[in-house]
Amino acid sequence: MKKIIKLRVNGEDYEILVEPYWTLLKVLRDVLGFTGPKEGCGIGECGACTVYIDDKPVKSCLVLGVEVNGANITTIEGLSQNKKISGIQKAFIDEGAVQCGFCTPGMVMAINALYTNVSDPGEDDIKEALKGHLCRCTGYETIVKAAKRAKEYYKR
Amino acid sequence: MLIPFEYIKFDSIKDASVFLKEHGDDAHILAGGTDVIVKIRARKLKPKYLVDIKGIEGLKGIEKDRDKIVIGALTTANEVAKNTHIKEYFPVLKDGAWTLGDYEIRNRATIGGNICNGSPSADTVIPLLVYDAKVIIASDEGERVEALDKFFKGPGKVNLGPGEILKNIILNIPDYPVKGKFFRVSRVEGMDLASLNMAILVANPDSISDRKVRISIGAVAPVPLRVYELEEFLSGKEFTKEIFDKAKEILLNNLNPREGSLRATPYYKKRMAVHYLSWLFEEI
Ligand SMILES: Cc1cc2nc3c(=O)[nH]c(=O)nc-3n(C[C@H](O)[C@H](O)[C@H](O)COP(=O)(O)OP(=O)(O)OC[C@H]3O[C@@H](n4cnc5c(N)ncnc54)[C@H](O)[C@@H]3O)c2cc1C
Ligand code: FES
Ligand code: FES
């Protein structure tokens, strides 16, 4: 039976009807139209679906829409402000850390979360943050470089 | 796509327990969902009702109660790993919790779910065993206390009756010096379940006669394993080459890793367990 849930996504409030077996990822993409988070594996392994629930990064393919009733969700769309991309996104472009781009929203969300927890992350912190994020294209090196480079934008 | 089910959330153990009893195998508890959703997706679990317990008060957080630490079943792996009491008194558990999945998984994965899922290599269970953890199990009829070591019955099978919910994990703060370590090997450096994990705890490490050793190992038996025979043998012993040779023999006799594991051969697991045991003889 469908249930009504209220949630805030990227600062806007929504009240929607969802089936209990719809994942948060499905709700975001198919009901609300936030197609930034991607479905790669659907079982928590690849990180492409990463979003924040109340500022904590999670794999949205493993969360049900009904579980986030009353929660505050941030997707990759919410990282840019006034149509300006965030420093991390800029660092990804600078370093050529995007090829097909499928993994990118999840990678950026993970690195952004790292910077909110650790002010000056080292390479080990970056690799730990990307532990559950798979990329089929770049070979990761440019992504790690971008994550380091993002420091410059954060200091400002 | 997930197969259809109904979702119901409770805010008391009593109500959840009554519902679970009424619906038997049709109802399944949902905590962080990192095992449950994966199993539903793989059609290994086909619940009619998912019973969300995250609204129940008293199942969350970590409290110090004089000489005890009480961990709520719904406490996430990240909360466990970052907790100051856990870091101070139970560092082996901190390390185990921090190796579970990745940062995003740990924001959802609960310690109660890790225990109740019944995996023989659960990364918080192996450390909890060497700390002699106890679990409090609750239902609408009351509560019972059980040694965690007695909680496991087989792969995916735990000692929970109809309508029973794991409420708390109890750890006694050691009032004697301890030294311990968590060990883990997996196929890749990235996120992967343990091919083998192991915890060793030594009480009174600096006094040979008062020494007590506790050892637990994951992925070498149908349940997370405490190696009591080896613990008894090592307690009060000087850690010499001769003792190591004998200890190795006892260890290997106690391991029974299954053939055909996707992660590692029995031979490899045994070699790794012996290698980790050697830490005792090098570092203590
Ligand atoms: C990508 C990925 C990586 C992972 N890596 C690891 C790893 O490295 N190490 C590891 O140990 N595990 C790992 N896991 C497994 C899983 O994340 C953990 O076992 C986790 O702790 C389960 O907790 P949960 O809250 O998500 O449980 P859920 O999925 O909600 O529940 C698990 C089981 O326990 C039952 N249950 C939950 N809470 C209670 C309770 N309080 N009382 C009674 N029954 C209860 C549920 O009914 C269910 O059967 C991984 C999973 C994924 C998807
Ligand atoms: S789609 Fe969620 S982790 Fe891969
Ligand atoms: S850029 Fe293609 S998957 Fe990472």
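This one's a predicted model, so the numbers in the text were calculated from it and none came from an experiment. (Residues numbered from 1 in each chain as written. Chains lettered and ligands numbered in written order. Predicted model: local features only at pLDDT ≥ 70, side-chain atom pairs only at ≥ 80, totals over all residues. Heavy atoms only, no water.)

K.L.:
Help me understand the overall build of chain A in this model?
P.N.:
Across its full length, chain A holds 5 helices and 5 strands. Beginning at the N terminus, the succession of helices and strands in chain A can be written as β-β-α-β-β-β-α-α-α-α. A compact globule built from 156 residues would reach a C-alpha radius of gyration of about 15 Å, and chain A, at 15 Å, matches this within 12%. Taken over the C-alpha atoms alone, chain A extends approximately 45 × 30 × 25 Å along its principal axes. Here chain A holds 156 residues, and 51% of them are scored as buried. Within chain A, contacts between residues separated by at least 24 positions form 54% of all contacts whose residues are at least 6 apart in sequence. (Helix = DSSP H or I, 4+ residues; strand = E, 2+ residues; numbered from the N terminus. Rg over C-alpha atoms; globule rule 2.2 N^0.38 Å. Buried < 20%, exposed > 50% of the residue type's maximum accessible area, 1.4 Å probe, protein only. Contact = heavy atoms within 4.5 Å.)

K.L.:
I would appreciate a short explanation of the site of ligand 1 in the present structure.
P.N.:
Surveying the vicinity of ligand 1 reveals 35 residues, the closest of which are Ile29, Thr34, Asp35, Thr110 and Asp123 of chain B. Surrounding ligand 1 is a set of residues that belongs to chains A and B. Separating an oxygen atom of ligand 1 from a backbone N or O atom of glycine 33 of chain B is a distance of 2.8 Å. Note that an oxygen atom of ligand 1 is positioned 2.9 Å from one of the side-chain N or O atoms of asparagine 114 of chain B. Contact with the protein chains covers 93% of the free accessible surface of ligand 1, which is 980 Å². Listing elements by their share of the shell around ligand 1, those giving two or more residues are strand E2 (27-30), helix H2 (36-41), helix H7 (111-116) and strand E10 (165-172) of chain B. (Near = heavy atom within 4 Å. Polar contact = N/O pair within 3.5 Å; in protein donor to acceptor, adjacent residues only side chain to side chain. Areas by Shrake-Rupley, 256 points an atom, 1.4 Å probe, with all protein chains shown as cover.)

K.L.:
Whenever I open this one, the interface of chain B and chain A confuses me. Can you help?
P.N.:
Accessible area lost during the coming together of the parts is what is often quoted as the interface size. Taken together, the 31 residues of chain B in the interface contact 31 residues of chain A. Together chain B and chain A conceal approximately 2400 Å² of surface at their shared face, both sides included; 59% is due to carbon and sulfur atoms. When residues of chain B are sorted by the area they lose upon contact with chain A, Tyr7, Glu104 and Arg108 of chain B head the list and together hold 25% of the total. The tally of links from chain B across to chain A stands at 5 salt bridges. With 4 residues, the top contributor of residues to the side of chain B that touches chain A is helix H6 (residues 103-106) of chain B. Residues that form the side of chain B that touches chain A fall into these classes: 15 nonpolar, 7 polar and 9 charged. (Buried area = accessible area lost by both parts, 1.4 Å probe. Salt bridge = Lys/Arg side-chain N within 4 Å of Asp/Glu carboxyl O. Nonpolar A, V, L, I, M, F, W, Y, C, P; charged D, E, K, R; others polar.)

K.L.:
What am I meant to see in the packing of aromatic side chains here?
P.N.:
What describes a pair of aromatic rings is the distance from one ring centre to the other and the angle between the planes of the rings. All names here are of chain B. Within the structure shown, the criterion is met by 12 aromatic pairs over all chains. Aromatic pair phenylalanine 183 and tryptophan 279: ring centres 5.9 Å apart, planes at 75 degrees, arrangement edge-to-face. Taken together, the positions of phenylalanine 183 in strand E11 (residues 178-185) and tryptophan 279 in helix H11 (residues 266-283) put the pair 96 residues apart, joining distant regions of the chain. Exposure class is identical for phenylalanine 183 and tryptophan 279. Each is buried. (Phe/Tyr/Trp six-rings, centres within 6.5 Å; stacked < 30°, edge-to-face > 60°.)

K.L.:
Before we go on, may I ask you to explain the pattern of salt bridges in this structure?
P.N.:
Pairing between side chains of opposite charge can happen when their charged atoms approach one another. Under the defined criterion, the tally for this structure stands at 29 salt bridges over all chains. With its nearest N and O atoms 3.3 Å apart, the salt bridge here joins glutamate 128 of chain A to arginine 106 of chain B. Taken as a pair, glutamate 128 of chain A in helix H4 (residues 123-129) and arginine 106 of chain B in helix H6 lie in two separate chains rather than in one. Here glutamate 141 of chain B and lysine 21 of chain B are joined by a salt bridge, their closest N and O atoms 2.4 Å apart. Taken as a pair, glutamate 141 of chain B in the loop between strand E6 (134-139) and strand E7 (142-147) and lysine 21 of chain B in helix H1 (residues 13-23) lie far apart in primary sequence, 120 residues in all. Here the residues in one salt-bridge network are Glu67 of chain A together with Asp52, Lys54 and Arg108 of chain B, joined through shared partners.

K.L.:
What is the right way to look at helix H10 (residues 241-254) of chain B in this model?
P.N.:
Structurally, the α-helix is built with 3.6 residues per turn, so residues lying three or four positions apart point the same way. Residues and elements named next belong to chain B. Between its first and last C-alpha, H10 extends 20 Å over 14 residues, near the 20 Å set by a 1.5 Å rise per residue. Within H10, burial applies to Ile243, Phe244, Ala247, Ile250 and Leu251. Taken end-on, H10 shows its buried residues confined to a sector of 125 degrees, consistent with a single buried face. More than 90 degrees from the buried face of H10, the exposed residues found are Lys241, Glu242 and Asn253. Tucked inside the fold, the buried residues of H10 contact strand E13 (212-218), helix H9 (228-234) and H11. (Expected span 1.5 Å × (residues − 1). Arc of directions from axis to C-beta.)

K.L.:
What should I look at first to understand the side chain of serine 278 of chain B in this one?
P.N.:
Residues and elements named next belong to chain B. Structurally, serine 278 is set in helix H11. Since its relative accessible area comes to 11%, serine 278 is described here as buried. Polar side-chain contacts of serine 278 include one of 2.4 Å to the backbone oxygen of histidine 275.

K.L.:
Whenever I open this one, the domain arrangement of chain B confuses me. Can you help?
P.N.:
Domain parsing of chain B yields domain 1 (6-52), domain 2 (62-172) and domain 3 (178-283). Spacing between the C-alpha centres of domain 1 of chain B and domain 3 of chain B amounts to 35 Å. (Domains from an automatic or database assignment.)

K.L.:
In this structure, what is going on with the environment of alanine 129 of chain A? I would like to understand it.
P.N.:
Looking at the secondary structure, you find alanine 129 of chain A in helix H4. Under the relative-accessibility criterion, alanine 129 of chain A is labelled buried at 11%. It is 23 Å that separates the C-alpha atoms of alanine 129 of chain A and threonine 23 of chain A, two residues lying 106 residues apart in sequence. Among residues more than four places away in sequence, those in contact with alanine 129 of chain A are Ala110 and Leu114 of chain A together with Glu104 of chain B.

K.L.:
I keep staring at the sheet that holds strand E12 (residues 196-203) of chain B and nothing clicks. Help me out?
P.N.:
Residues and elements named next belong to chain B. Taken in spatial order, the 4 strands of this open sheet run E11-E12-E13-E14, and their pairing is antiparallel. The sheet is open, and its two edges are formed by E11 and strand E14 (225-226), each paired on a single side. Where E11 and E12 come together, 8 bridges link them in antiparallel fashion. Residue arginine 184 lies in a different strand from E12, and its bridge partner there is asparagine 197. Packed on one face of the sheet, helix H5 (residues 91-99) meets E11 and E12 and runs near 15 degrees to E11. (Pairing = 2+ DSSP bridges. Axes fitted to C-alpha atoms, helices over the stretch in contact; angles between N-to-C directions.)

K.L.:
Quick question: what am I supposed to make of the packing of H10 of chain B against H11 of chain B here?
P.N.:
The description of two helices packed together rests on the angle between their axes and the distance between the axes. All names here are of chain B. Interhelical geometry of H10 versus H11 gives an angle of 145 degrees and a closest axis separation of 10 Å. Considering only the axes of H10 and H11, their crossing is right-handed. Along its contact with H10, which presents Ile243, Phe244, Ala247, Lys248, Leu251 and Leu252, the element H11 presents Lys270, Ala273, Val274, Leu277, Ser278 and Phe281. Across the contact of H10 with H11, the residue classes break down as 9 nonpolar, 1 polar and 2 charged. (Left-handed = near helix turned anticlockwise from the far one by under 90°.)

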